[in-house]
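Below, each chain spelled out in residue letters.
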Amino acid sequence: MKFLLLLLPSLISALGAYVVRPYRATVGWLNALLSLLSLGAALVFAGHAARGAEAPLFGPGELLRADGLSALLMVCVAAASTLTLTLSPGVGTETDYTHAQLRRYQILINLFIFSMLLAVSANNVAVMWVALEATTIFSALLIPLTRSKSSVEASWKYILIGSVGIALAFAGTVLGYFDFVALTGRAENALNWPALLQNAPAMHPEVMKLAFVFLLVGYGTKAGIAPMHTWKPDAYGEAPPALAALMSSALFAVAMYAILRWKIVADAAIKDHYADNLLLALGLLSLAIAAFSVAQSRNYKRMLAYSSVEHTGLICFGLGLGAAGVFAALLHLVNHTAAKSLMFFLAGDIERKYGSSAVKQTRGLLKVAPWTGGLFAAGLLALMGLPPFGMFISEFALFRAGFAQHHPWLMGAALLLLLVAFVSFITRLNNMLYGEAPAEVAAGETVGWRVAPMLLGALALVALGLTLPAPLETLLDQIMRSVSR
Amino acid sequence: MIGYLLEIGQALLALLLAPGLVGFIRAVKARLQGRRGAAPWQPYYDLRKLFGKEAVVSRNASWLFRFAPYLIFATTVAVTMLVPLVAAPLPFDAVGDLLMVVYLMLLGTFFLALAGLDPGTAFGGMGASREMTVAAIAEPTIALAVFGLAVGAGSTNLGRIVAQTLSHPGAVINPGHLLGFAALFIVTLAETGRLPVDNPATHLELTMIHEAMTLEYSGRYLALIEWAAALKLLVFFSLLANLFLPWGVATTLTPGGLSVAVIALMAKLALLGLAVALIETRIAKLRLFRVPELLGVSFVLALLSVTSSFLLR
Amino acid sequence: MNSNDAIFAQLATLCSSLVLLFGIALLWRRSLVAYVRAFRWQSLALALTFALIGYFGHNRELYVVAVILIVLKVVIIPGYLTRLYERVGGKREAQPYVNIATSLIISGLLVSLSYAITRPLVTVSKLPTRNGIPLAVGLILVGVFVIISRRKALSQIIGFLVLENGIALLAALGTYGIPLIVELGVFLDALMGFLVMQILVYQINDTFESIDVEQLSRLRH
């Protein structure tokens, strides 16, 4: 029942947007309200899991399941979706899109949200894969909303790289299933997570190693782990701000969730630190590439995309550093979801105001639009890992885990790279906030009532930075307990 | 003793059959093209005519020009004694195996190219360079293609390979086997100067490779070279036939077995000749730039054949 | 291994080699018509492999999968592709990033590489079809190589479809296919993914007047 409450609202929203021709603003408002239902259901699941209760199941063959990890991700995705739908173009504010484009936007973004929620609640490995492929399809259709040359180019690169990644992930899934046939014959529910985990210790390590490599490369392409991250700057830079916000926060989280799930199975089968080492190596590579790319970036939207890659690297580190590392990584994921979704909306507003997304042309933000500028600065400082925001706490926990696991050189290198990125971010931020605004830019806030949800998001970040809310902590503890078993 | 007599008899048989094979292919092509064409034994008449004619040698030619036809002929005849035409294993197997066969054929090709360069004509040089382009990729492919089989047999001895395939008939549909056959077939077309690589009936500058190198030859030299070319065709066909489909090859030296082997050989040669004639009628000649691509395909096929045989032992 | 298994193994390896060879044909030919034809034949060979495994492995679901494969990848998708290249862009692939002879040699090396990395799989598996697994992984690598080295968007799509065929072959040979429901979901996804790519190619053609991906290079730092 709760599962239906989680999944149906976005489907109904999509259907509603499809049926209503031409697009009316009420559709947008209705969809935003419906998404609150999903958020409510997700919070109920989270509370359920935090109390340590047995994970609820649903559907034929136990299709859907909501254990602690799923619940955490559900909350992240649902919260990001609600924020996105509330701040969507055409929802009470002026926008440059036509009615046809807005209708297409509403249909596709709701289908996108539905597939993400399905991916995190799926109990079956293959259903999760199908849902992730669906997210690629829907987002690829949505990126070229305005049919400009650069957005079409970005969408093509995104779908090609994304589809290859997803196909490789499927190869990895097949290889993960490979041992099953050898071990148990064709069992029912063979592709369910609990069954896989149960049989994992008996699987052949070499097969699982090969499978994990394929899975890491495949789902890593979706998550944007270097060197498969090349689609990110293009896609995030050219997509409509709402889609970019959702992709960078929720979709990224779902992809990392897939990697974590498979890592748990792989660790049980391989029994040494093979998966950990792979994740650490790729994490370091992502950090390095991100840091130096930020130093070269001239466009603030692409800069945010590289910041995404940087955080991908950090989360990969966390996943490779044992139980404490996974705790830090999940906390970081939550913080990142909150921060990133904000940032792209603000970036979209700034772009609409200044007419370009080049850093050089965006000056004097604080004078022209103080609220937008202030929130943007706060968000960017949060992404850089400064206190009092939540990222500071999670990065601190990450490094503590890293030193505890005896990887001092690795952590040192990571800190150095973070410093490089920090300097680049600060210089660009300064350039954007201060100075004289270009003459053609109209002074005055355009953000209106939308500052309220954004402020809410920023306050959430501060709250997460000052304290670790008890429910969140219990939930994470529950997850750790089930992960390290 | 009997074995050595058999070897010599095998070489004589090859010498006898080779021009007939060329004539057979020509006759089939003619029929397919709607002409009556010459009789299948026309090449014998051509050879007799050429042997009777005077050999005209250019003033710029050196000793190589006169020496090459004999060498080419000798190496090709030597190869016929090493290849399992009618019987396997053979006494000369101890002397020569797959690699020896490849090297002997390469020696012949090398001297033919030199002979094309020797008189200093433009056509000769052009033919020689084209021939080397083809040979550069084709020769390793021959070795690889048969090597795929050799891995399965555990030895590069051609007789042993034939015996191995005879004792394991199920191996015929092995992918290594079939890939090797495909690769060797393409190489046969290339090495023997058949379409789509080279047109044996043309003397146009744009299209000839083998003919260009032998343009200066006349009389008995030309006869020897033509005979050697026909022998090469026979050798390749019998390699294709007997390595990959060895049924009919005599394993014991009895008159009955041998006669069956001879008839089987002629049947297989006729079949392959028919196939080549059909291909030559159907396919147009490839541009010279495309020939390395075709040979690249055959190389990949041979490589796949070797890897699959090797890693799936 | 009894003789029935031996014949099964030979036939399975034979069919897998055919599938791989049609994939390598993509690296050899130049025209888009030839690409689509090679893909058609490859999907047919793949369907044959599925039917074969269904017969010898006593798994009726695989017959259904084979039929769906034929309907989808031999009839529907090549039909769309044909319509696509007739409406958009020319019929020839421009000079690819890697020339043909080198591409062929690289593909040979990729298949040898796949033999090396799938050693553990072949030793672990007890199925009669295990000898074809390196060929399936080789096809996956060849598919990725086609995507990287070709210049026209349409060739890249066909490379992606070949990649998917390789993965399906791997599933068939390694695990006798996956449960039917999942297979159906995968097919649906593949079809939708293809349709989206097709839509995008039309959009690329409309905005760029060509489908040469060299044109798609505006986005830099």
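Treat the numbers as computed from the prediction; the structure is a model and nothing was measured.

The number of helices and strands found in chain C is eight helices and zero strands. The order of α-helices and β-strands along chain C, N terminus first, is α-α-α-α-α-α-α-α. Against the compact-globule benchmark of 17 Å for 221 residues, chain C has a radius of gyration of 18 Å, which places it among compact chains. Projected onto its principal axes, the C-alpha positions of chain C cover 60 × 35 × 35 Å. Buried positions account for 60% of the 221 residues belonging to chain C. Accessible area of chain C: about 8300 Å², with a carbon and sulfur share of 63%. Here chain C holds 18 positive side-chain charges and 11 negative ones, and the gap between their average locations is 7 Å.

Another aspect to go through is the overall build of chain B. Scanning chain B from terminus to terminus reveals 11 helices and zero strands. Reading the helices (α) and strands (β) of chain B from amino to carboxyl end gives α-α-α-α-α-α-α-α-α-α-α. Taking 313 residues into account, the globule formula puts the C-alpha radius of gyration at 20 Å, and chain B, at 19 Å, falls close to it. Its C-alpha atoms give chain B principal-axis dimensions of roughly 55 × 45 × 45 Å. The burial tally for chain B puts 56% of its 313 residues in the buried class. Contacts in chain B between residues far apart in sequence, at least 24 positions, make up 80% of those at least 6 positions apart. Surface exposure of chain B reaches about 13400 Å², of which carbon and sulfur atoms provide 69%.

Residues and elements named next belong to chain B. A rise of 1.5 Å per residue sets the reference length of helix H4 (residues 98–117), with its 20 residues, at 28 Å; its end C-alpha atoms lie 29 Å apart and thus fit the reference within 8%. Looking at H4, one finds that the buried residues are Leu98, Val101, Val102, Leu104, Met105, Gly108, Thr109, Phe111, Leu112, Ala113, Ala115 and Gly116. Residues of H4 that are buried in the fold lie against helix H3 (63–82), helix H5 (122–153), helix H6 (158–167), helix H7 (175–191), helix H8 (210–213) and helix H9 (219–244).

Let's shift gears to the interface of chain C and chain A. Reports often express the size of an interface as the amount of accessible area lost when the parts come together. Taken together, the contacts link 46 residues of chain C with 46 residues of chain A. Between chain C and chain A the total buried area reaches about 4300 Å² when both faces are included, carbon and sulfur atoms providing 77% of it. At the boundary of chain C and chain A, one finds zero salt bridges. Counting every contact that joins chain C to chain A gives one residue pair in polar contact (both at pLDDT 80 or more). Of all the secondary structure elements, the ones that give two or more residues to the side of chain C that touches chain A are helix H5 (119–124), helix H6 (133–149), helix H7 (153–175) and helix H8 (180–208) of chain C. The leading source of residues in the side of chain C that touches chain A is H8(C), at 15 residues. When its residues are assigned to classes, the side of chain C that touches chain A shows 30 nonpolar, 12 polar and four charged.

A word on the packing of helix H12 (residues 300–319) of chain A against helix H13 (residues 322–354) of chain A. All names here are of chain A. Between H12 and H13, whose axes approach to 8 Å, the crossing angle comes to 170°. With respect to H13, the axis of H12 lies roughly antiparallel. Grouping the constituent residues of the contact of H12 with H13 by class yields 13 nonpolar, eight polar and three charged.

Bringing the packing of aromatic side chains into the picture now. Residue and element names in this part refer to chain A. According to the stated counting rule, one finds 22 aromatic pairs over all chains in the structure shown. Their ring planes at 75° and their centres at 6.4 Å tell us that Tyr300 and Phe376 sit as a pair that is edge-to-face. Here the residue Tyr300 occupies a position in helix H12, and Phe376 occupies one in helix H15 (residues 370–384), the gap between them amounting to 76 residues. Of the two residues examined, Tyr300 and Phe376, each falls in the buried class. Chaining the aromatic ring pairs together yields one cluster made of Tyr158, Trp231, Tyr236 and Phe344. Lys209 extends its terminal NZ or CZ atom over the ring of Tyr274, reaching a point 5.0 Å from the ring centre.

In this assembly, two pairs of chains are in contact, and the pair with the greatest number of contacts comprises chains A and C. At no point do chain A and chain B touch; the closest pair of C-alpha atoms across them sits 18 Å apart.

Residues and elements named next belong to chain A. Going through the model one piece at a time under the given rule, you end up with zero disulfides over all chains. The cysteine Cys76 is free of any disulfide, with Cys316 supplying the nearest cysteine sulfur at 17 Å. Since its relative accessible area comes to 0%, Cys316 is described here as buried.

Turning our eyes to something else, we now look at the environment of A:Phe214. Residue and element names in this part refer to chain A. In this structure, Phe214 sits in helix H8 (residues 205–223). Sequence separation between Phe214 and Leu168 is 46 residues, and the spatial gap between their C-alpha atoms is 5.8 Å. Leaving out residues up to four positions away in the same chain, Phe214 has contacts with Leu168, Ala169, Ala171, Gly172 and Leu175.

Now for the pattern of salt bridges. All names here are of chain A. Applying the stated criterion to the full structure yields 15 salt bridges over all chains. With a shortest N-O distance of 2.9 Å, Arg302 and Asp234 are connected by a salt bridge. Of the two residues, Arg302 is situated in helix H12 and Asp234 in helix H9 (residues 231–238); the sequence distance between them amounts to 68 residues. The exposure class assigned to Asp234 is buried, which follows from its relative accessible area of 4%. With its nearest N and O atoms 3.2 Å apart, the salt bridge here joins Arg352 to Asp349. Within this pair, Arg352 and its partner Asp349 are both found in helix H13, separated by three residues, close to a single helical turn. Taking the relative accessible area as the measure of exposure, Asp349 reaches 5% and is therefore buried.

For the rest of this paragraph, the subject is the side chain of B:Thr76. Structurally, B:Thr76 can be placed in helix H3. When neighbours within four sequence positions are excluded, B:Thr76 is seen to be in contact with B:Ala228, B:Leu231 and B:Lys232.

It is worth spelling out the environment of A:Val368 at this point. Residues and elements named next belong to chain A. Relative to the helices and strands, Val368 resides in helix H14 (residues 365–368). On the basis of relative accessibility, which here comes to 5%, the residue Val368 falls in the buried class. Through-space distance from the C-alpha of Val368 to that of Tyr354 is 10.0 Å; in sequence the pair is 14 residues apart.

This brings us to the interface of chain C and chain B. Counting from both sides, the interface comprises 22 residues of chain C and, opposite them, 21 residues of chain B. When the buried area of chain C at its contact with chain B is split by residue, C:Gln10, C:Trp28 and C:Tyr115 rank highest and sum to 30% of it. Measuring nitrogen to oxygen at the nearest pair gives 2.5 Å for the salt bridge that ties B:Glu293 to C:Arg30. Viewed at the interface, chain B and chain C are joined by one residue pair in polar contact (both at pLDDT 80 or more). Sorting the residues of the side of chain C that touches chain B by element identifies helix H1 (3–28) and helix H4 (100–117) of chain C as the ones contributing at least two each. Taken together, the residues of the side of chain C that touches chain B sort by class into 12 nonpolar, seven polar and three charged.

With that settled, consider the nonpolar core. One finds A:Trp156, A:Tyr219, A:Trp262 and A:Leu380 to be the most contacted residues of the largest nonpolar core, which totals 366 residues. When near neighbours in sequence (up to four residues on either side) are disregarded, A:Trp262 contacts A:Val125, A:Met128, A:Thr173, A:Gly176, A:Trp193, A:Leu196, A:Met208, A:Phe212, A:Leu215 and A:Tyr219.

This brings us to the confidence of the model for chain B. Looking at chain B as a whole, its pLDDT mean stands at 87, while 99% of the residues score no less than 70. When mean pLDDT is compared element by element in chain B, helix H2 (residues 42–52) of chain B scores highest at 93, while H6(B) scores lowest at 82.

Residues and elements named next belong to chain C. Residues Trp41, Leu44, Val67, Ile70, Val71, Val75 and Ile76 make up a contiguous nonpolar surface patch of about 590 Å² in total accessible area. Put simply, the parts of the chain that give the nonpolar patch at least two residues each are helix H2 (32–56) and helix H3 (61–87). Examined against the element boundaries, Val71 turns out to sit in helix H3. A residue is classified by how much of its surface remains accessible, and Val71, at 43% relative accessible area, is partly exposed.

On to the environment of A:Phe45. Residues and elements named next belong to chain A. As for its position among the elements, Phe45 is in helix H2 (residues 25–50). What makes Phe45 buried here is its relative accessible area of 1%. Distance in space between the C-alpha atoms of Phe45 and Ala71 is 5.6 Å, their sequence separation being 26 residues. In this view, Phe45 contacts Lys2, Phe3, Leu6, Pro56, Ala66, Ala71 and Met74; residues no more than four positions away in its chain are not counted.

Each value, and the rule that gives it
Residues numbered from 1 in each chain as written. Chains lettered and ligands numbered in written order. Predicted model: local features only at pLDDT ≥ 70, side-chain atom pairs only at ≥ 80, totals over all residues. Heavy atoms only, no water. Helix = DSSP H or I, 4+ residues; strand = E, 2+ residues; numbered from the N terminus. Rg over C-alpha atoms; globule rule 2.2 N^0.38 Å. Buried < 20%, exposed > 50% of the residue type's maximum accessible area, 1.4 Å probe, protein only. Areas by Shrake-Rupley, 256 points an atom, 1.4 Å probe, with all protein chains shown as cover. Lys, Arg positive; Asp, Glu negative; His and termini not counted. Charge placed at Lys NZ, Arg CZ, Asp CG, Glu CD. Contact = heavy atoms within 4.5 Å. Expected span 1.5 Å × (residues − 1). Buried area = accessible area lost by both parts, 1.4 Å probe. Salt bridge = Lys/Arg side-chain N within 4 Å of Asp/Glu carboxyl O. Polar contact = N/O pair within 3.5 Å; in protein donor to acceptor, adjacent residues only side chain to side chain. Nonpolar A, V, L, I, M, F, W, Y, C, P; charged D, E, K, R; others polar. Axes fitted to C-alpha atoms, helices over the stretch in contact; angles between N-to-C directions. Parallel < 35°, antiparallel > 145°, perpendicular 65-115°, else oblique. Phe/Tyr/Trp six-rings, centres within 6.5 Å; stacked < 30°, edge-to-face > 60°. Lys NZ or Arg CZ within 6 Å of the ring centre and 35° of its normal. Disulfide = S-S within 2.5 Å. Core = buried A, V, L, I, M, F, W, Y, C linked by side-chain atoms within 4.5 Å. pLDDT = per-residue confidence, 0-100. Patch = residues over 30% accessible without salt bridge, like charges linked within 9 Å, V, L, I, M, F, W, Y side chains within 5 Å.

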